[in-house]
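# Structural features, examined
Read off the chains here:
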Amino acid sequence: MACAEQRDTEATAPSVIDRYYTRWFRADMKGKPCEDHCILQHSNRLCVITLAETHPILQDGRTIKSINYQISNCCSRLKNKVSGKSKRGGQFLTDFAPLCRITCTDETEYTIYSCIRGRLLEVNESILETPTLLLEKPSTEGYIAVILPKFEESKSITENLLSREEFESVVSKRTVAQSQPS
């Protein structure tokens, strides 16, 4: 009897992401259809930038050729170094600051943006060696970057983001629009 109860609680137990993070979304980033980003916001203000499950990289069965954190000749997100309690030295990002460029084997290139203002704490270097993590586990080991918003802005950063319900509404409207003949 105890084993059956234990299996039931394991089956219904929320994941770490669902338990400790609030999911926010940015749909159609920079006007590009379906290029959706997901922001996982922890109660301590940290935000993890990931791909939304509706992003074309995850939807169309693409294979990732390369991931490049070199944004321009002068700016590489890999050279970001933070230190100390106040995370000094981290690159400051605006809402539309590019984090990386992902190139697929069909030569389609996607730019992943920060979506929020804040200090870049870390980029995920493990997806450089193992790009399949981005496809297999986009919300956990396949995250793009970790950003710390300013304390004063931590409440207001979600104003331009969509909740899960709002995002699902946008996706369902998009699906209906795509299924109707022109």
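Preceding this paragraph is the structure being described.
Residues numbered from 1 in each chain as written. Predicted model: local features only at pLDDT ≥ 70, side-chain atom pairs only at ≥ 80, totals over all residues. Heavy atoms only, no water.

Let us look at the sheet that holds strand β4 (residues 64–68). Spatially, the three strands line up as an open sheet ordered β4-β6-β7, and their pairing is antiparallel. Looking at the sheet topology across the chains shown, the edges are occupied by β4 and β7 (109–113). For this sheet the average axis-to-axis angle between neighbouring strands, irrespective of direction, equals 20°. Bridge count between strand β6 (residues 98–104) and β7: five bridges; the pairing is antiparallel. By the bridge assignment for β7, I102 is matched with Y110. (Pairing = 2+ DSSP bridges. Helix = DSSP H or I, 4+ residues; strand = E, 2+ residues; numbered from the N terminus. Axes fitted to C-alpha atoms, helices over the stretch in contact; angles between N-to-C directions.)

Before going further, it helps to examine the side chain of T111. Here T111 is to be found in strand β7. Look at T111 and you get buried, because its relative accessible area is 10%. With residues up to four places along the chain from it excluded, the contact list for T111 reads E35, H37, P98, C100 and R101. (Buried < 20%, exposed > 50% of the residue type's maximum accessible area, 1.4 Å probe, protein only. Contact = heavy atoms within 4.5 Å.)

Phi at R45 is positive, roughly 85°, even though this residue is not glycine. On the secondary structure map, R45 appears in the loop between β2 (37–42) and β3 (47–51). With a phi close to 70°, E107 is a non-glycine residue in the positive phi region. Topologically, E107 is positioned in the loop between β6 and β7.

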